[in-house]
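Chains, contacts and geometry: an overview
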Amino acid sequence: MPVFLHDRESYSDFSKILRQFPDVAKKSVVHCFTGDKYEVEDYLSLGCYIGVTGWICDERRGDELREAVKNIPPERLMIETDGPFLIPRDLKPKPKKHRNEPTYLPHILNRIAYEMDIDCELLADQVTKNTKEFFNI
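Residues numbered from 1 in each chain as written. Predicted model: local features only at pLDDT ≥ 70, side-chain atom pairs only at ≥ 80, totals over all residues. Heavy atoms only, no water.

**Topic: helix α1 (residues 11-20)**
Of all the positions in α1, only Tyr11, Phe14, Ser15 and Leu18 are classed as buried. The buried residues of α1 occupy one face: seen down the axis, they fall within an arc of 95°. Along α1, exposed side chains directed more than 90 degrees from the buried face belong to Asp13, Lys16 and Gln20. Residues of α1 that are buried in the fold lie against β1 (3-6), α2 (22-25) and α3 (37-45). (Buried < 20%, exposed > 50% of the residue type's maximum accessible area, 1.4 Å probe, protein only. Helix = DSSP H or I, 4+ residues; strand = E, 2+ residues; numbered from the N terminus. Arc of directions from axis to C-beta. Contact = heavy atoms within 4.5 Å.)

Put into structure tokens, the structure is as follows:
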């Protein structure tokens, strides 16, 4: 079964545990990844997929993630809402309900494609393929 791993300020412990269970790591998504370049490279070396949310659109705290995302191969990337949280801060106009919803996934994808310097349609196709393969759908 696929595993979603929520690493919030626990990279050191998380990576140590994953090294003990390499088969689990290869079936895992590091959900809501907010780390830096070093962390993303390490998780990728363990075989994990990386899930990116609207955090990448946050001008106050997304700098490390915007750099790190450049190191994620498109075939290891997933995009997420983390709904109802982490609404992209750069949405215009701002939604009246401050809830993150799947309708904002294209906005998140466009920002990731921009940061990765990849065509957004090609990235969308790859992320869709990744999701279908990962969940066997």
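**So, unusual backbone geometry**
Pro93 follows Lys92 through a cis peptide bond whose omega is -5°. Along the chain, the position of Pro93 falls in the loop between β4 (77-79) and α5 (105-116). Here Leu86, not a glycine, exhibits a phi torsion of approximately 55°, which is positive. Mapped onto the elements of the fold, Leu86 is located in the loop between β4 and α5. Accessibility expressed as a relative area gives 16% for Leu86, which makes it buried.

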